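# Structure at a glance
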Amino acid sequence: MWRLHQFPLCPFSRAVRFALAEKGVPHQLVTAFPWERGETLSRLNPAIQTPVLENGATILCDSMAIIEYLDETLERPPLMGAGAGERAEARRLAAWFGQRFYSEVTAPLLAERMYKRVVARAMPDGISIRNANRAAELHLQYIDDLLDENRWLAGPLFGIADIYAAAQISVADYLGGIDWTGHGSSKIWYSALKSRPTFRVLLADRMEGIFPPPDYDKLDF
Ligand SMILES: N[C@@H](CCC(=O)N[C@@H](CS)C(=O)NCC(=O)O)C(=O)O
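Here we summarise the structure given alongside this text. (Residues numbered from 1 in each chain as written. Predicted model: local features only at pLDDT ≥ 70, side-chain atom pairs only at ≥ 80, totals over all residues. Heavy atoms only, no water.)

### As for helix α7 (residues 184-194)
As a reminder, the rule being used: Three exposure classes are used, based on accessible area relative to the maximum for each residue type with a 1.4 Å probe and protein chains only: buried under 20%, partly exposed in between, and exposed over 50%. Runs of H or I in DSSP of at least four residues are treated as helices and runs of E of at least two as strands, each being numbered from the N terminus. Only heavy atoms matter for contacts: two residues are in contact if any of them lie within 4.5 Å across the pair.
Where α7 is concerned, the buried positions are S186, W189, Y190, A192, L193 and K194. Contacts made by the buried residues of α7 are with α1 (11-23), α5 (126-149), α6 (160-174) and α8 (197-203).

See the structure below:
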């Protein structure tokens, strides 16, 4: 059976978990905290990062490589889009959320509200949190704009762009960084995701010692 090395607030692991669930792939979760630089994670992934998906001799690292592997080996449901143009747009947006949203929103919130609490035992930096919240607001505006054009972020079908965006937003939301006020289109899109059983499993997960806001996993938020 596949084993996914991950931790509950890793947005890249959440993207892989979401894709595994959509593809109906049975898997076990193995908790790995990259900052502990454990022997298993270091052996499996030279970058010492989560996620890693492994099954015996098959070891897959990097969320995008893993999800593309799943999409190439399991036909249904397709996650990358139909033609080359749709796939290019889906990859562009997956990179947007995996790189820009992560560096501007999720990573600072993880540093201030998770790492400092659980590992460094230090006070969070309010300015960094405020900047992350402001950046999140701009990203929600961008999602509103994308949804003016399409039903899902990259086109008419649900796919990898939605998976990446939802994975990042769900972690930022868990850490109190998302305010949906004034973002009706984004909220409707996220509400459709929240009602998918494949995504609800992720929202049920908790990181020890850190609690999400009350509406975090509610369908009515
Ligand atoms: N490009 C990688 C990024 C993975 C990543 O940055 N994972 C974080 C945890 S969410 C990590 O392991 N950070 C530790 C480090 O970079 O040293 C992917 O998509 O899988």
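### Quick notes on the site of the ligand
The cut-off we apply is this: For this purpose, a residue is taken to be near a molecule or strand whenever a single non-hydrogen atom of the residue falls within 4 Å of it. Under the rule applied, a polar contact is a pair of N or O atoms within 3.5 Å (in protein, one hydrogen donor and one hydrogen acceptor; residues adjacent in sequence only if both atoms are side-chain atoms). The Shrake-Rupley method, run with a 1.4 Å probe sphere, supplies the accessible areas, and residue values consider only the shown protein chains as cover. Polar here means any residue other than Ala, Val, Leu, Ile, Met, Phe, Trp, Tyr, Cys and Pro, which are nonpolar, and Asp, Glu, Lys and Arg, which are charged; Gly is therefore polar.
For the ligand, the full set of nearby residues is F7, C10, P11, F12, P34, Q49, T50, P51, D62 and S63. Here T50 contributes a backbone N or O atom positioned 2.9 Å from a nitrogen atom of the ligand. In this structure, an oxygen atom belonging to the ligand sits 2.5 Å away from a side-chain N or O atom of S63. Bound to the protein, the ligand loses 73% of the 510 Å² it would expose on its own. Taken together, the residues of the shell around the ligand break down into six nonpolar, three polar and one charged.

### Digging into α6
Threshold: Every helix has an expected span of 1.5 Å times one less than the residues it contains.
With 15 residues, α6 should cover 21 Å at 1.5 Å per step; its first-to-last C-alpha distance of 21 Å lies within 8% of that length. Burial runs high along α6: 15 of the 15 residues are buried. Looking one or two places after α6, you find G176, whose phi comes out positive at around 80°.

### Describing the pairing of strand β2 (residues 27-31)
Here is the rule: Here a strand pair is declared whenever DSSP counts at least two bridges between the two strands. By convention a crossover is right-handed if, when the strands point away from the viewer, the path from the first strand over the helix to the second runs clockwise.
Examined bridge by bridge, strand β1 (residues 2-6) and β2 share five bridges and lie parallel to one another. Considered in β2, the bridge of R3 is made with Q28. In the classification by handedness, the crossover that spans β1, the intervening α1 and the parallel β2 is right-handed.

### A few points about the packing of helix α3 (residues 63-73) against α6
Put simply, the rule reads: Helix axes are fitted only over the stretch in contact, all axes being lines through C-alpha atoms; the angle between N-to-C directions runs from 0 to 180 degrees. Every angle not falling under 35 degrees, over 145, or within 65 to 115 is termed oblique; those three ranges are roughly parallel, roughly antiparallel and roughly perpendicular. We call a crossing left-handed when the near helix sits turned anticlockwise from the far one by less than a right angle, and right-handed when that turn is clockwise.
Put simply, α3 and α6 touch, their axes get as near as 12 Å, and they point 140° apart. With respect to α6, the element α3 is oriented oblique. α6 is crossed by α3, and the crossing has right-handed handedness. Seen from α3, the contacting residues are S63, M64 and I67; seen from α6, they are I160, I163 and Y164. Classifying every residue of the contact of α3 with α6 by side-chain character gives five nonpolar, one polar and no charged.

### Concerning the environment of N150
Tracing the backbone shows N150 in the loop between α5 and α6. In this structure the C-alpha to C-alpha distance between N150 and S63, which are 87 residues apart in sequence, comes to 25 Å.

### What about the pattern of salt bridges?
Charged atoms that come close allow side chains of opposite charge to pair. Definition in use: For this analysis, a salt bridge means a side-chain nitrogen from Lys or Arg found within 4 Å of a carboxyl oxygen belonging to Asp or Glu.
Counted according to the given criterion, the structure contains ten salt bridges. Between R91 and E68 there is a salt bridge, with its nearest N and O atoms 3.0 Å apart. With R91 in helix α4 (residues 84-120) and E68 in helix α3, this pair connects stretches of sequence that are 23 residues apart. We classify E68 as buried; its relative accessible area is 18%. A salt bridge links E104 to R100; the nearest nitrogen and oxygen atoms lie 3.5 Å apart. Residue E104 and its partner R100 are both found in helix α4; the two are separated by four residues, about one turn of the helix. The class for E104 is partly exposed, based on a relative accessible area of 30%.

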